[in-house]
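Commentary on secondary and tertiary structure
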Amino acid sequence: MACTKCTTALWTRHRLGKIPVIPDIKCKSPEAGDLLRGRDPIALAKSLAAAGAPVLSVVTETEHFGGSPELLRQIAQSTSVPILRKDFITTREQLHESAEIGASGVLLIAAILEIEQLRELIDEAWALGLEPLVETHTEAEIIAGNELMVTFLGINNRNIMEWEMDDGNVNTTEKLAGLVRPGALLLSESSIASPDDVLRATAAGAHAVLVGTAILRAQNPPAFYKVLSEAGR
Ligand SMILES: O=P(O)(O)OC[C@@H](O)[C@@H](O)c1c[nH]c2ccccc12
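For the structure given in this document, a descriptive report is provided here. (Residues numbered from 1 in each chain as written. Predicted model: local features only at pLDDT ≥ 70, side-chain atom pairs only at ≥ 80, totals over all residues. Heavy atoms only, no water.)

This paragraph deals with the site of the ligand. Taken together, 20 residues are adjacent to the ligand, and K26, K86, S190, G212 and T213 come closest. The contact in question runs from an oxygen atom of the ligand to an N or O atom on the side chain of D24, over 2.9 Å. S191 is positioned such that a nitrogen or oxygen atom in its backbone is 2.8 Å from an oxygen atom of the ligand. Coverage of the ligand by the protein chains reaches 99% of its 440 Å² of free accessible surface. For the shell around the ligand, the secondary-structure elements that each account for two or more residues are β6 (105-109) and β10 (208-211). Partitioned by chemical class, the residues of the shell around the ligand number eight nonpolar, five polar and seven charged. (Near = heavy atom within 4 Å. Polar contact = N/O pair within 3.5 Å; in protein donor to acceptor, adjacent residues only side chain to side chain. Areas by Shrake-Rupley, 256 points an atom, 1.4 Å probe, with all protein chains shown as cover. Helix = DSSP H or I, 4+ residues; strand = E, 2+ residues; numbered from the N terminus. Nonpolar A, V, L, I, M, F, W, Y, C, P; charged D, E, K, R; others polar.)

Here the focus is the sheet that holds β10. In a beta sheet, neighbouring strands pair by backbone hydrogen bonds and run either parallel or antiparallel. Read around the closed barrel, eight strands run β1-β4-β5-β6-β7-β8-β9-β10, paired in parallel fashion. The mean inter-strand angle of the sheet, taken between neighbouring strand axes irrespective of direction, is 25 degrees. (Pairing = 2+ DSSP bridges. Axes fitted to C-alpha atoms, helices over the stretch in contact; angles between N-to-C directions.)

This part is about the packing of helix α2 (residues 41-50) against helix α3 (residues 69-78). The interhelical angle for the contact between α2 and α3, taken along N-to-C directions, is 40 degrees, at an axis separation of 10 Å. As summarised for this structure, α2 and α3 are arranged oblique, according to the angle between their axes. Considering how the two elements wind past one another, α2 and α3 form a crossing that is right-handed. Here P41, I42, A45 and K46 of α2 lie close against α3, whose contacting residues are L71, Q74, I75 and S78. Per-class residue counts for the contact of α2 with α3 are five nonpolar, two polar and one charged. (Parallel < 35°, antiparallel > 145°, perpendicular 65-115°, else oblique. Left-handed = near helix turned anticlockwise from the far one by under 90°. Contact = heavy atoms within 4.5 Å.)

So, about the layout of surface pockets. As a volume, the second largest pocket reaches approximately 170 Å³. Considering the residues around the second largest pocket, the lining is formed by R13, K18, I19, A51, G52, Y225, K226, S229, E230 and R233. Of all the elements, helix α10 (residues 221-229) adds the most residues to the lining of the second largest pocket, at three residues. Its residues assigned to classes, the lining of the second largest pocket shows three nonpolar, two polar and five charged. (1 Å grid on protein atoms, 1.4 Å probe; cavity = no way out; pocket = protein on both sides within 12 Å on 5 of 7 lines; lining within 4 Å. Points joined across faces, edges and corners; volume = space filled by probe spheres on them.)

The structure is reproduced here in structure tokens:
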């Protein structure tokens, strides 16, 4: 049986008329620097799950983002919310590792994969009980995703190939959302910082949004999480 824990939790929230917001636990970033400021990422993840997050995303890449597979394992063990692994996955071994550390979903970045490689990793992810999220940033990548009948598709508002040093903007979602095949769950990712950004992304057609930096920079992350998820109410 295919594991659809991530999208099931997101669709459920969406059908209730709420905006599903996925917090992204990222220890540091090339643009923002240290994002933890001495806080415990596991406690932070738990507080965001308690604030109502339907899914948690954990960046496990070490060099640029300060994460690790071990961090994801510990977060997965301390909450019952499905966990999405964000990393630069290019091999089957990384998918096996993702399943082993307790991820429910995995990010596959279209920009770093050949289409055949993407197809193989999508199939392998499903076979391992992992739900693939295909991340795109261009029209061509969305068209490739549609051809592969992707069920969970992300539009990254930033260009990940620039290590998030570019100014991301929800404009990217506004420009590209209409190209995504109907039926896919569309996630708008990156540079979402206010309830207004959340509303722009959802008005453009995103079913859910993923927010890292703005939540981690907030004075009170769970309180700010709630402000974002109640945008427009
Ligand atoms: O911090 P932001 O701007 O809210 O962005 C979160 C997320 O989209 C970003 O961390 C991200 C998107 N794709 C990635 C791939 C790998 C690592 C990180 C990412």
